Amino acid sequence: MYDGKEDALIKNLEKMKSKQERESLKVEKHQSVRQLVDETNPGKTAEELLTLYDGKEDDLIKNLTKMKMKQEKTAELKASQRESVRALVDETNPGKSADELLAMYDGK
């Protein structure tokens, strides 16, 4: 079939390899997006985001990663603030427990 046309065979096989590599990379990106969506809960499903960002998966991964970092930083800050409140309640004995005060001031 390719007798004497080895150059064409090589070219076709290289195209096939390149296409397979692109598809594999796309699958990896989609898996990464699904994982980040599970971790960040951005308000849309992974499939909705992948449809919106079709061909721009790298941008989507970048945005979701930023969101994850921000959420982690916020959670760390909140935990630190809770510990500070608990320590201050222990020191001042305001008449309410740290949990009661934290519940009263939640989100403020």
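Located above this text is the structure these notes cover.
Residues numbered from 1 in each chain as written. Predicted model: local features only at pLDDT ≥ 70, side-chain atom pairs only at ≥ 80, totals over all residues. Heavy atoms only, no water.

Visitor: Teacher, can you tell me more about the overall build of the protein here?
Guide: If you tally the helices and strands in the protein, you get 4 helices and 0 strands. Taking 108 residues into account, the globule formula puts the C-alpha radius of gyration at 13 Å, and the protein, at 26 Å, lies well above it. Expressed along its principal axes, the backbone C-alpha trace of the protein runs to roughly 90 × 25 × 15 Å. When the 108 residues of the protein are sorted by exposure, 16% land in the buried category. About 8,900 Å² of surface is accessible on the protein, with carbon and sulfur atoms providing 52% of the total. Computed over 21 positive and 23 negative side-chain charges, the inter-centroid distance for the protein is 5 Å. (Helix = DSSP H or I, 4+ residues; strand = E, 2+ residues; numbered from the N terminus. Rg over C-alpha atoms; globule rule 2.2 N^0.38 Å. Buried < 20%, exposed > 50% of the residue type's maximum accessible area, 1.4 Å probe, protein only. Areas by Shrake-Rupley, 256 points an atom, 1.4 Å probe, with all protein chains shown as cover. Lys, Arg positive; Asp, Glu negative; His and termini not counted. Charge placed at Lys NZ, Arg CZ, Asp CG, Glu CD.)

Visitor: Honestly, the environment of Asp58 in this entry has me stumped. Any pointers?
Guide: As for its position among the elements, Asp58 is in helix H3 (residues 57-92). Note: C-alpha distance between Asp58 and Lys29 (29 residues apart in sequence) is 7.7 Å. Engagement of the side chain of Asp58 in a polar contact is seen with the side chain of Lys29, the distance being 3.0 Å. (Polar contact = N/O pair within 3.5 Å; in protein donor to acceptor, adjacent residues only side chain to side chain.)

Visitor: Sorry, what's going on with the layout of surface pockets here?
Guide: Put simply, the largest pocket is a space of about 250 Å³. No other element matches the 6 residues that H3 contributes to the lining of the largest pocket. (1 Å grid on protein atoms, 1.4 Å probe; cavity = no way out; pocket = protein on both sides within 12 Å on 5 of 7 lines; lining within 4 Å. Points joined across faces, edges and corners; volume = space filled by probe spheres on them.)

Visitor: Help me understand H3, please; the structure alone is not making it clear to me.
Guide: The α-helix advances 3.6 residues per turn, and as a result positions three or four apart in sequence lie on the same side. The end-to-end C-alpha distance of H3, which contains 36 residues, comes to 52 Å, matching closely the 52 Å that a straight helix rising 1.5 Å per residue would cover. Regarding H3, the residues found buried are Glu57, Leu60, Ile61, Leu64 and Val89. Asn93 sits one or two residues past H3 and shows a positive phi near 50 degrees. (Expected span 1.5 Å × (residues − 1).)

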